[in-house]
Amino acid sequence: MIRQVLTYPDPVLKKVSRDVSTFDEELHTLLDDMCDTMLAENGIGLAAIQIGVDLNVLVILLPREEDDQQHREDVFEIINPKITAKSGKEIYREGCLSIPEYYDEVERAAEVTVEYLDRTGTPQTLQADGLLAIAVQHEMDHLSGQLFVERLPMLKRKKFEKEWKKRIRDNKRF
Ligand code: Y12
Ligand code: CO
């Protein structure tokens, strides 16, 4: 089922999410709905808080190199993630389904190691680089109530806030 994605500055997006302790049907429905919603909105990543659920759950689905298409079976379902190692630096022009039509450059670690649980509660380790590493860090920020615009330098952040207020005033928000 497709759920509604909350948009900035919805205060729910600032909530700190909590760990999942029960790996049941309800969690599986949440994960399936998150994947449906991400695909319906043309996203490549989504955190549960973006649909109003304050649990440490995120999904990421990158397009394949061979056909540039997203294949549902490639989805990473990441629960209670912890970054255990990071290295390097990379600047990427990010976007977010909660801040539609705004993209800006953010610096993050180029490689990360993430320990997490899958939908059955089984521990997994992911060593990510490239777009996957950026996506994991972007989505993990959502779990602590942080949006990528909060990582912008002050002047860019001010410009964003001005543009966004104008957009809300003009009722151009989705
Ligand atoms: C790199 C950087 C950021 C991430 C986090 C995941 N971000 C997204 O999935 C953002 C997707 C997005 C899609 C939009 O829709 C379309 O382009 C049709 C969009 O909407 C508009 O701009 C109208 C905004 C964001 C992962 C990896
Ligand atoms: Co986002």
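Residues numbered from 1 in each chain as written. Chains lettered and ligands numbered in written order. Predicted model: local features only at pLDDT ≥ 70, side-chain atom pairs only at ≥ 80, totals over all residues. Heavy atoms only, no water.

Undergrad: Would you mind going over the site of ligand 1 with me for this structure?
TA: With respect to spatial proximity, 17 residues lie near ligand 1, and among them Ile44, Gly95, Glu101, Tyr103 and Glu139 are the closest. Measuring from an oxygen atom of ligand 1, one finds a backbone N or O atom of isoleucine 44 at 2.7 Å. One of the side-chain N or O atoms of tyrosine 103 is found 2.7 Å from an oxygen atom in ligand 1. Contact with the protein chains hides 79% of the accessible area of ligand 1, taken as 620 Å² for the molecule alone. Elements represented by at least two residues in the shell around ligand 1 include exactly strand S4 (90-94) and helix H2 (130-143). The biggest single contributor to the shell around ligand 1 is H2, with five residues. Here the shell around ligand 1 is built from residues that sort into eight nonpolar, five polar and four charged. (Near = heavy atom within 4 Å. Polar contact = N/O pair within 3.5 Å; in protein donor to acceptor, adjacent residues only side chain to side chain. Areas by Shrake-Rupley, 256 points an atom, 1.4 Å probe, with all protein chains shown as cover. Helix = DSSP H or I, 4+ residues; strand = E, 2+ residues; numbered from the N terminus. Nonpolar A, V, L, I, M, F, W, Y, C, P; charged D, E, K, R; others polar.)

Undergrad: So what exactly am I meant to see when it comes to the coordination of the cobalt ion (ligand 2) here?
TA: The expected angle between donors at a tetrahedral four-coordinate metal is 109.5 degrees. At an octahedral six-coordinate metal it is 90 or 180 degrees. Within the protein, the atoms that donate to the cobalt ion (ligand 2) are Cys96 (SG), His138 (NE2) and His142 (NE2), at distances of 2.1 to 2.2 Å. On the primary sequence, the residues serving as donors to the cobalt ion (ligand 2) are separated as C-x41-H-x3-H. Of this pair, cysteine 96 sits in the loop between S4 and strand S5 (104-108) while histidine 138 sits in helix H2, and the two are 42 residues apart along the sequence. For the pair cysteine 96 and histidine 138, a shared accessibility class is recorded, and that class is buried. (Donors = N, O, S within 2.8 Å, 3.2 Å for Na, K, Ca; no water. Buried < 20%, exposed > 50% of the residue type's maximum accessible area, 1.4 Å probe, protein only.)

Undergrad: Any chance you could explain the side chain of histidine 138 here in plain terms?
TA: Residue class for histidine 138 comes out buried when judged on its relative accessible area of 6%. Side-chain polar atoms of histidine 138 contact the side chain of glutamate 94, separated by 2.8 Å. For histidine 138, the contacting residues outside a window of four places in its chain are Glu94, Gly95, Cys96, Arg108 and Phe148. (Contact = heavy atoms within 4.5 Å.)

Undergrad: Could you clarify how one ought to interpret the pattern of salt bridges in this entry?
TA: Two side chains of opposite charge can pair, provided their charged atoms sit close to one another. A complete count under the given rule lists 17 salt bridges for this structure. Between arginine 108 and glutamate 94 there is a salt bridge, with its nearest N and O atoms 2.7 Å apart. Of the two residues, arginine 108 sits in strand S5 while glutamate 94 sits in strand S4, which places them 14 residues apart along the sequence. The pair formed by arginine 108 and glutamate 94 is uniform in burial state, with each residue classed as buried. Note that aspartate 104 and lysine 156 form a salt bridge whose closest N and O atoms lie 2.9 Å from each other. One end of the pair, aspartate 104, is in strand S5; the other, lysine 156, is in helix H3 (residues 154-169), and 52 residues separate them in sequence. Judged by relative accessible area, aspartate 104 falls into the buried class, the value being 10%. (Salt bridge = Lys/Arg side-chain N within 4 Å of Asp/Glu carboxyl O.)

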